[in-house]
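Residue-level structure breakdown
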There are 2 protein chains.
Amino acid sequence: MKTENKDSMKQRKRNIKLLISYDGGNYHGFQRQNNSLAVQNILEKKLEILFGDTIEMAASGRTDAGVHAYGQVVNFFTDGTIPIDRVVRAANSLLPNDIVVKAADEVDFDFSARHSAISKIYIYRIQQGEIPDPFLRNYTWYIRSKLNLAAIQEALAYVVGEHDFSAFQATGSVPMLPIRTIYEATCEQKGSIIEFSFFGNGFLYHMVRNMVGTLVNVGIGKTTPIRFKEIMDGKDRKKAGATAPAQGLYLKQVNY
Amino acid sequence: MKTENKDSMKQRKRNIKLLISYDGGNYHGFQRQNNSLAVQNILEKKLEILFGDTIEMAASGRTDAGVHAYGQVVNFFTDGTIPIDRVVRAANSLLPNDIVVKAADEVDFDFSARHSAISKIYIYRIQQGEIPDPFLRNYTWYIRSKLNLAAIQEALAYVVGEHDFSAFQATGSVPMLPIRTIYEATCEQKGSIIEFSFFGNGFLYHMVRNMVGTLVNVGIGKTTPIRFKEIMDGKDRKKAGATAPAQGLYLKQVNY
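All values derive from a computational prediction rather than experimental measurement.

So, about the overall build of chain A. A count of helices and strands for chain A gives five helices and 10 strands. Taken over C-alpha atoms, the radius of gyration comes to 19 Å for chain A, in line with the 18 Å a tight globule of 256 residues would show. Judged by the C-alpha coordinates and their principal axes, chain A covers about 60 × 40 × 30 Å. Residue burial in chain A is summarised as follows: out of 256 residues, 55% are buried. Of the contacts formed within chain A by residues at least 6 apart in sequence, a portion of 72% connects residues at least 24 apart. A total accessible area of about 11500 Å² is found for chain A, and carbon and sulfur atoms account for 50% of it. Averaging the coordinates of the 31 positive side-chain charges in chain A and doing the same for the 26 negative ones gives two points 4 Å apart.

All names here are of chain A. Mapped onto this structure's residue numbering, the UniProt feature "binding site: substrate" (unreviewed entry) falls at Y122. Its place among the elements puts Y122 in strand β5 (residues 119-128). Not counting residues up to four positions away in its chain, the partners in contact with Y122 are R62, F196, S197, F198, F203, V208, L249, Y250, L251 and K252.

The next subject is the environment of A:I126. Residues and elements named next belong to chain A. Summarising the element assignment, I126 is placed in strand β5. Residues I126 and V159 lie 33 residues apart in sequence; the distance between their C-alpha atoms is 19 Å. Leave out the neighbours within four places in its chain, and I126 touches T140, W141, I143, L147, S192, I193, I194, F196, V212 and V216.

All right, on to the UniProt feature "domain: Pseudouridine synthase I TruA alpha/beta" (unreviewed entry) in chain A then. Residues given the UniProt feature "domain: Pseudouridine synthase I TruA alpha/beta" (unreviewed entry) here are residues 20-114 and 155-256 of chain A. Taken end to end, residues 20-114 of chain A is 22% helix and 26% strand, and its first and last C-alpha atoms sit 14 Å apart.

Many descriptions give the size of an interface as the accessible area lost when the pieces come together. Residue and element names in this part refer to chain A. On domain assignment, one finds that chain A holds domain 1 (7-107) and domain 2 (119-255). In this assembly, domain 1 packs against domain 2 so that about 1200 Å² is buried in total across both faces, 54% of it on carbon and sulfur atoms. Interface area lost by domain 1 to domain 2 is led by D64, H68 and Y70, which between them contribute 48%. Here domain 1 and domain 2 share one salt bridge between them. In this structure, D64 and R209 form a salt bridge, with 3.2 Å as the shortest nitrogen-oxygen distance. Applying the counting rule to domain 1 against domain 2 returns 13 residue pairs in polar contact (both at pLDDT 80 or more). By residue class, the composition of the side of domain 1 that touches domain 2 is five nonpolar, seven polar and three charged.

Bringing the interface of chain A and chain B into the picture now. At the interface, 24 residues of chain A touch 24 residues of chain B. If you sort the residues of chain A by the area they bury against chain B, A:P134, A:F135 and A:R137 come out on top, with a joint share of 35%. A salt bridge links A:D23 to B:R137; the shortest N-O distance between them is 2.8 Å. Our enumeration of links across chain A and chain B arrives at two residue pairs in polar contact (both at pLDDT 80 or more). Those elements that place two or more of their residues in the side of chain A that touches chain B are β1 (14-22), β3 (68-78), α2 (87-94) and β4 (99-107) of chain A. Residue contributions to the side of chain A that touches chain B peak at four residues, all from β4(A). Grouping the constituent residues of the side of chain A that touches chain B by class yields 13 nonpolar, five polar and six charged.

Moving on, we get to the nonpolar core. Counting 70 residues, the largest nonpolar core has A:L18, A:L47, A:I126, A:F168, A:F196, A:F198 and A:V212 as its most contacted members. Looking at this core element by element, the count peaks at seven residues for helix α4 (residues 207-219) of chain A. Of the domains in this structure, domain 1 (7-107) and domain 2 (119-255) of chain A are the two that each give at least three residues to this core. When near neighbours in sequence (up to four residues on either side) are disregarded, A:F196 contacts A:Y122, A:I123, A:Y124, A:I126, A:I152, A:L156, A:T186, A:C187, A:V212 and A:L215. Counting residues in each nonpolar core, the second largest holds 68 residues, with B:A167, B:F228, B:I231 and B:M232 among its members.

This brings us to the pattern of salt bridges. Scanning all chains against the criterion turns up 24 salt bridges over all chains. A salt bridge links B:K238 to B:D236, with the shortest nitrogen-to-oxygen separation between them at 3.8 Å. Residue B:K238 is classed as exposed on the basis of its relative accessible area of 71%. Each of the salt bridges in this network shares a partner with another, and the network as a whole consists of A:R125, A:K190 and A:E195.

Let us now look at the relation of the copies chain A and chain B. If you rotate chain A by 180° and push it 0.0 Å along the axis, it lands on chain B with an RMSD of 0.0 Å. Such a combination of rotation and displacement between the chain copies is what one expects of a two-fold axis. Using C-alpha coordinates, one finds that chain A approaches the rotation axis most closely at A:F135, a distance of 5.4 Å. Both copies share a contact surface, since 100% of the interface residues of chain A are interface residues in chain B too.

Before going further, it helps to examine the environment of A:Q40. Residue and element names in this part refer to chain A. By secondary structure assignment, the location of Q40 is in helix α1 (residues 39-51). Classification of Q40 as buried rests on a relative accessible area of 2%. Along the sequence, Q40 and A59 sit 19 residues apart, while their C-alpha atoms lie 8.8 Å from each other. If we skip the residues at most four places from it in the chain, Q40 touches F30, Q31, R32 and M57.

For the rest of this paragraph, the subject is unusual backbone geometry. All names here are of chain A. Not every positive phi belongs to a glycine, and H206 is a case in point at roughly 70°. Considering the arrangement of structural elements, one finds H206 in the loop between β9 (193-200) and α4. For H206, a relative accessible area of 22% gives the class partly exposed.

Here is what the cut-offs are and how they apply
- Residues numbered from 1 in each chain as written.
- Chains lettered and ligands numbered in written order.
- Predicted model: local features only at pLDDT ≥ 70, side-chain atom pairs only at ≥ 80, totals over all residues.
- Heavy atoms only, no water.
- Helix = DSSP H or I, 4+ residues; strand = E, 2+ residues; numbered from the N terminus.
- Rg over C-alpha atoms; globule rule 2.2 N^0.38 Å.
- Buried < 20%, exposed > 50% of the residue type's maximum accessible area, 1.4 Å probe, protein only.
- Contact = heavy atoms within 4.5 Å.
- Areas by Shrake-Rupley, 256 points an atom, 1.4 Å probe, with all protein chains shown as cover.
- Lys, Arg positive; Asp, Glu negative; His and termini not counted.
- Charge placed at Lys NZ, Arg CZ, Asp CG, Glu CD.
- UniProt positions renumbered as here; feature names shortened; annotations may be inferred.
- Domains from an automatic or database assignment.
- Buried area = accessible area lost by both parts, 1.4 Å probe.
- Salt bridge = Lys/Arg side-chain N within 4 Å of Asp/Glu carboxyl O.
- Polar contact = N/O pair within 3.5 Å; in protein donor to acceptor, adjacent residues only side chain to side chain.
- Nonpolar A, V, L, I, M, F, W, Y, C, P; charged D, E, K, R; others polar.
- Core = buried A, V, L, I, M, F, W, Y, C linked by side-chain atoms within 4.5 Å.
- Least-squares fit on C-alpha atoms with pLDDT ≥ 70 in both.

In structure tokens form, the structure reads like this:
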């Protein structure tokens, strides 16, 4: 069985970092699966052809089934000898066209896509209007009701800073320290699209989608900005809103 | 077997016109098929539920498998009594989310989506760049090579006016008078997207895709603008370029 970047892998000659974009619509998430198709399965299989080596990659984090990425980052150790400036084009010629390598770099051995990450940006897109756009169905959450943007922005202000985000952690997820710092949380209208952006030092499992689900309740007037803060402070997942659908979420950027 | 708007249908009480948008990616074109899924099959089936009546619609024209529409127009005769202002929302609640009714109107009996159309606008989108965008794969033709836009625009000027477009007609298509008038033909860069627009009184089968395929040959320097004109004037399909892929083409608007 494969393990992620186990120590024996570090005997290899190179540490390769890739910047990846993918449309998550056809995959059961990023992380390698035994019985279903994940982005990582495809990437490792194709990169093994390219590098002539077994590849066990680590990623900045997993993304769920249906979630997209503009800037996922992975790394892996290899003895493969392909010049680094040929990797992008060669990888893209092997990969299906819903997974794209945007950049490849050879990095120091102490770089880990997962452990070296210091912050991330996620965006979430809602499409709001009377008539849904068929071209956005896999890339946004469609909401017919008009949303009160000012109320959402008021609630978002409470998200910024260091908080215990237990209220927005997926129920049944592996227990982890629920304290995270959000540096910036915004929501703006771009035509029929309402785009949220969350910039933080880390995110709990389902945290963005659970926050957006609760913020939409604020936007439709089902709850208030102050009540949003109380829900967050209450640390009880059952008080928050429903999980927003996966297809509106994008891992935009990972910072190192 | 169903026929399009046969005379007996005109005994019915209402003539309904719909403006439709669809993502053609999952369908074998617009026109009703017996053995595969077409947009028309879905529309008629769902509208029959809504109107409580058999529905045989006529469209402004067919679109091929994989081709998209922002503004397809259809009409049908019905005795169904649903108020016209409820049709859009009710239809969209029944339709899959890749087919959307944007507007519904009750029109005079002499209106035919097909025969009353006086002009159409098609657009075609190319994505050009070193790194393909995975989110555009089903909505553009991806071309790595840089295209000479000035040369394409020079060739496009020859398209405007009344011409015999036999050179760009699909081989093996039903013979039809190959004279069409193009009022406007443009090509502009919008970021990584190169967008063609063709406004004309009618289009032969595969005409836009065959023109775009030949214009891309101009753009990559494989042929010249003058040679493009000669190909058009030569009326020989075999001299023109390959048919551009379906997923870049959109029926944007039909004028009546």
